[in-house]
Structure formats: C-alpha cells, structure tokens
Amino acid sequence: MSIDNIKQNAINKRIPILMEDTLEVTKNILLQVKPKKILEIGTATGYSAINFSSILNNNVYIDTIELDETRANEAIENINNMKLEKYINVIKGNAVEILPTLDESYDLIFIDAAKGKYPIFLKEAIRLSHKGSIILADNVLYKGYVMSNYNKHKQRTAVTHLREYIKEITENPNLETKILEVGDGLAISKVLN
Ligand code: SAH
Ligand code: MG
C-alpha cells in the first residue's frame, strides 16, 4: 500500500479527497508554518493526513476526526500500513460532538467535512488555537455555488453556512484571511492573537 494506492482507492469510491492544486498550496503552508500539532476535521480514508505527515517528515502529531465508521476504519488500516500510527490518531465520531470534548491547542486546523457545519467548526477551531495558529478550510467556494444567486434546494443549506463561514473569517478582527481559488476553494486564516 502506497499513497498512490490510497489516492486511487478514494477516487474509485468517489470520496472527495484533497485536489492536487490544493495539496500543493497546503504543502507550502505546512513547510512554512512547521506545525507540531494538527487537527483535521474530515479524515475520509486518511489521504490528506498521511500527506501532511509525510510532507513534515513525520515531525508532527495529527488528531483527525471522521464520522463515517467504514471510512474511519479504512483510514486506520491505511495509517497502520504506512507505519504512521504513532503520528496520526483517528477519532471516530461526529466532529460537532467531539470538538467540544477536546481541550488542546493546535498549530494548524484543517476543516474538510460537512459544509453546513463550517460555522460550528470555526468556533471550535478558534477555541482550540493559539496566537499564530492557521485555520484552513477546504471547499469554501463549493463549485462556485457560494458566489452564485441560483442554488438548488440540495445545496442551499451548505451555501448559506459557507457564506456565514466566509463572512466570519473576513470580518473577525483577530483573523487574517486569504481565500484562494484553488481546487474547490481554500480559505487560509491566521489567528493574530
Ligand atoms: N480530508 C480528506 C477528505 C475528507 S472528505 C482527504 O483529503 O483525504 C469529507 C469527510 O468528512 C467525509 O469522509 C465525511 O464522512 C466526513 N464528515 C462529514 N461530516 C462530518 C462530521 N460532522 N464529523 C466528522 N466527519 C465528518
Ligand atoms: Mg475537501
């Protein structure tokens, strides 16, 4: 099992893993920030967490939360196969319930799960961060729906909550934010104080 196998398996199962350009940008951020502790919301099968770990030469500890039991188990299997179980801890469950039970400080938080929950995830991410922490959020432009006035019913809740997320990160004076049009939209927020 290699990272390429993990990627291909996820693609075959239509699991929305990190897109290549988003991974490239994230890689640069990781190499610059050199986080020692990362929190990920949305493990899927571990593709992003394994990439983060290898980019940082395993010089990092990652807590990652996954709601779907099958995916979480596959992630654990992939992480074991890559011999990364000392560095990546998969927490099974709903991040909305798990985040309030965490009480640690993370250098980087990567949000990549249910779009309708992004405002809740942000509140918790801010609580679990410190001065200089980076909060990344994937899929914030949601295929352009976020910028369009026409949204199907199916997308409406996600769009409303993503707009709320963007409003909060751009208006909160304690966050310095950039939104990049890579992949499905990546928001990069730095905690100032
Ligand atoms: N970060 C992964 C992709 C994550 S896809 C990668 O790039 O490899 C989004 C994942 O978030 C899905 O597996 C989905 O099951 C999970 N998810 C959705 N809502 C969640 C929630 N409330 N808590 C935890 N995980 C959630
Ligand atoms: Mg994503």
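To be clear, the structure that these remarks concern was listed above.
Residues numbered from 1 in each chain as written. Chains lettered and ligands numbered in written order. Predicted model: local features only at pLDDT ≥ 70, side-chain atom pairs only at ≥ 80, totals over all residues. Heavy atoms only, no water.

> How would you explain the pattern of salt bridges if you had to name every residue and give the values?
Within this structure, the stated rule accounts for six salt bridges. Residue Glu-74 is joined to Lys-13 by a salt bridge in which the shortest nitrogen-to-oxygen separation is 2.6 Å. Here Glu-74 is found in helix 4 (residues 69-81), whereas its partner Lys-13 is found in the loop between helix 1 (3-12) and helix 2 (20-33), with 61 residues between them in sequence. Among the residues examined, Glu-74 registers a relative accessible area of 18% and is labelled buried. In this structure, Glu-171 and Lys-167 form a salt bridge, with 3.1 Å as the shortest nitrogen-oxygen distance. Of the two residues, Glu-171 and Lys-167 both sit in helix 7 (residues 153-171), four residues apart, roughly one turn of that helix. Judged by its relative accessible area of 48%, Lys-167 is partly exposed. (Salt bridge = Lys/Arg side-chain N within 4 Å of Asp/Glu carboxyl O. Helix = DSSP H or I, 4+ residues; strand = E, 2+ residues; numbered from the N terminus. Buried < 20%, exposed > 50% of the residue type's maximum accessible area, 1.4 Å probe, protein only.)

> Describe in detail the packing of helix 1 against helix 3 (residues 47-55), supporting the description with residues and values.
Packing of helix 1 against helix 3 brings their axes to within 10 Å, and their N-to-C directions diverge by 155 degrees. By the angle between their directions, the pair helix 1 and helix 3 is classed as roughly antiparallel. The hand of the helix 1/helix 3 crossing is left-handed. In this structure, helix 1 uses Ile-3, Ile-6 and Lys-7 to contact helix 3, whose residues at the interface are Tyr-47, Ile-50 and Asn-51. Counted by class, the contact of helix 1 with helix 3 contains four nonpolar, one polar and one charged residues. (Axes fitted to C-alpha atoms, helices over the stretch in contact; angles between N-to-C directions. Parallel < 35°, antiparallel > 145°, perpendicular 65-115°, else oblique. Left-handed = near helix turned anticlockwise from the far one by under 90°. Contact = heavy atoms within 4.5 Å. Nonpolar A, V, L, I, M, F, W, Y, C, P; charged D, E, K, R; others polar.)

> Outline the site of ligand 1, supporting the account with residue identities and numerical values.
Inspection of the region around ligand 1 gives 21 residues, with Leu-18, Gly-42, Glu-66, Arg-71 and Asn-94 positioned closest. Take Glu-66: an N or O atom from its side chain is 2.6 Å from an oxygen atom of ligand 1. A distance of 3.1 Å is found between a nitrogen atom of ligand 1 and a backbone nitrogen or oxygen belonging to Leu-67. Within the complex, 91% of the 580 Å² of free accessible area of ligand 1 lies under protein. Of all the secondary structure elements, the ones that give two or more residues to the shell around ligand 1 are helix 3 and strand 2 (61-66). Broken down by class, the residue content of the shell around ligand 1 amounts to 11 nonpolar, five polar and five charged. (Near = heavy atom within 4 Å. Polar contact = N/O pair within 3.5 Å; in protein donor to acceptor, adjacent residues only side chain to side chain. Areas by Shrake-Rupley, 256 points an atom, 1.4 Å probe, with all protein chains shown as cover.)

> Explain the packing of aromatic side chains to me, and be specific about the residues and the numbers.
Summed over all chains, the structure comprises four aromatic pairs. Between Tyr-142 and Tyr-145, the aromatic rings sit 4.9 Å apart at their centres with planes inclined by 85 degrees, giving edge-to-face as the arrangement. With a relative accessible area of 23%, Tyr-145 lands in the partly exposed category. Connected via pairs of aromatic rings, a cluster forms that spans Tyr-118, Phe-121 and Tyr-165. One Lys or Arg, Lys-37, reaches over the ring of Tyr-106 and ends 4.8 Å from the middle of that ring. Directly above the ring of Tyr-142 sits Lys-115, whose terminal nitrogen or CZ lies 4.6 Å from the centroid. (Phe/Tyr/Trp six-rings, centres within 6.5 Å; stacked < 30°, edge-to-face > 60°. Lys NZ or Arg CZ within 6 Å of the ring centre and 35° of its normal.)

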